[in-house]
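What follows is each chain in one-letter form.
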Amino acid sequence: QVQLGQSGGGLVQAGGSLRRSCAASGGTFSSYTMGWFRQAPGKEREFGATISWSGSSTYYADSVKGRFTISRDNGKSTVYLQMNSLKPEDTAVYYCAAAVIGVHKYDYWGQGTPVTVSS
């Protein structure tokens, strides 16, 4: 069974930066596609970014492209999300997720941690 443990929540002013981390235990982290999703208050969960098992391929939602960077360290079984130029509309609960097979179905999810961006 794969467990994903996320770093704590964060509070930052608009224009600031935060880095989220997500550490996996169990399973074979280095073979999984990893993703970051978020859910803002009153909204559905939305896709943010994904990274291939090797780290050679990444893909971003238009809303975060150019500001957020997803990366991974397979030796540490950890995926990261560097968030720069944060905006109040980035306020949400952020979730990491692991896809065991393929890139469209995520099988395991982190517990979610809040990020609040003040204006």
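These numbers come from a predicted model, not from an experiment.

Each value, and the rule that gives it
- Numbering of residues starts from 1 in each chain and follows the order in which that chain's sequence is written.
- Thresholds applied to this predicted model are a pLDDT of at least 70 for local features of residues and 80 or more for the giving and counting of side-chain atom pairs; totals over whole chains, interfaces and linings are not thresholded and use all residues.
- Processing note: side-chain calculations cover all non-hydrogen atoms of the structure and skip hydrogens and water entirely.
- Elements are defined by DSSP. Helices are runs of H or I of four residues or more, strands are runs of E of two residues or more, and each kind is numbered from the N terminus.
- In this treatment the radius of gyration is a C-alpha quantity, and the globule benchmark scales as 2.2 Å times the residue count to the 0.38 power.
- Throughout, a contact is declared for two residues whenever any of their heavy atoms are within 4.5 Å.
- Only the protein chains shown count as cover for residues, with accessible areas throughout obtained via the Shrake-Rupley method and a probe of 1.4 Å.
- The salt bridge definition used is simple: a Lys or Arg side-chain nitrogen within 4 Å of an Asp or Glu carboxyl oxygen.
- The cut-offs for exposure are 20% and 50% of the maximum accessible area for each residue type, with area from a 1.4 Å probe on protein chains only; residues under the lower value are buried, those over the upper are exposed, and the others partly exposed.
- Paired strands are those between which DSSP finds at least two bridges.
- Convention adopted: a line fitted to C-alpha atoms gives each axis, helices being fitted over their contacting stretch, and angles between N-to-C directions are expressed from 0 to 180 degrees.
- The nonpolar core is taken to be a set of buried Ala, Val, Leu, Ile, Met, Phe, Trp, Tyr and Cys residues, with the residues joined through side-chain atoms within 4.5 Å.
- Only Phe, Tyr and Trp rings are paired, with Trp represented by its six-membered ring, and only when their centres lie within 6.5 Å; those with planes under 30 degrees apart are stacked, over 60 edge-to-face, the remainder tilted.
- Cation placement over rings: the criterion is NZ of Lys or CZ of Arg within 6 Å of the ring centroid and within 35° of the ring normal.

**Re the overall build of the protein**
Point 1. Looking only at helices and strands, the protein has zero helices and 11 strands in total.
Point 2. Along the protein, helices and strands appear, N-terminal first, in the series β-β-β-β-β-β-β-β-β-β-β.
Point 3. In summary, the protein has a C-alpha radius of gyration of 13 Å against a globular reference of 14 Å for 119 residues, a match within 12%.
Point 4. Overall size of the protein, expressed as C-alpha extent along the three principal axes, is 40 × 25 × 25 Å.
Point 5. Considering only residue pairs separated by 6 or more positions, the protein has 54% of its internal contacts joining residues 24 or more positions apart.
Point 6. Working note: accessible area of the protein is about 6,200 Å², and carbon and sulfur atoms make up 49% of it.

**Side note on the pattern of salt bridges**
Point 1. Within this structure, the stated rule accounts for five salt bridges.
Point 2. A salt bridge links Asp-107 to Lys-105, with the nearest nitrogen and oxygen atoms 2.5 Å apart.
Point 3. Asp-107 sits in the partly exposed class, given a relative accessible area of 28%.
Point 4. Judged by its relative accessible area of 54%, Lys-105 falls in the exposed class.
Point 5. Three or more residues are tied together by salt bridges with common partners; here these are Arg-38, Glu-46, Arg-67 and Asp-90.

**Here we look at the sheet that holds strand β1 (residues 3-6)**
Point 1. Read from one edge to the other, the open sheet built from four strands follows the order β1-β3-β8-β7, with strand pairing classed as antiparallel. Only two strands of the sheet have a single partner each, and these edge strands are β1 and β7 (68-73). Strand-to-strand twist in this sheet, taken as the mean axis angle between neighbours without regard to direction, amounts to 20°.
Point 2. Here strand β3 (residues 18-25) pairs with strand β8 (residues 78-83) via six bridges, running antiparallel. Bridging across to β8, Cys-22 finds its partner in Val-79.

**Things to note about the nonpolar core**
Point 1. Core analysis: the largest hydrophobic core is formed by 28 residues, its most contacted members being Leu-4, Met-34, Ile-70, Val-79, Leu-81 and Met-83.
Point 2. Mapped by element, the contributors of at least two residues to this core are β3, β4 (33-39), β5 (46-51), β7, β8, β9 (92-99) and β11 (113-118).
Point 3. It is β9 that contributes the most residues to this core, four residues altogether.
Point 4. If near-sequence neighbours (up to four positions away) are discounted, Met-34 is found in contact with Leu-4, Phe-29, Ala-49, Thr-50, Ile-51, Ile-70, Arg-72, Val-79, Ala-97, Ala-98 and Tyr-106.

**Looking at the packing of aromatic side chains**
Point 1. Throughout the structure, instances matching the rule amount to five aromatic pairs.
Point 2. Judged by centre distance (5.7 Å) and plane angle (75°), the ring pair of Phe-37 and Phe-47 falls under edge-to-face. One end of the pair, Phe-37, is in strand β4; the other, Phe-47, is in strand β5, and 10 residues separate them in sequence.
Point 3. Aromatic ring contacts, followed pair by pair, group Phe-37, Phe-47, Tyr-59, Tyr-106 and Trp-109 into a single cluster.
Point 4. Here the basic side chain of Arg-45 rests over the ring of Tyr-95, its NZ or CZ set 6.0 Å away from the ring centre.
Point 5. One cation-aromatic arrangement involves Arg-45 over Trp-109; the distance from NZ or CZ to the ring centre is 3.8 Å.

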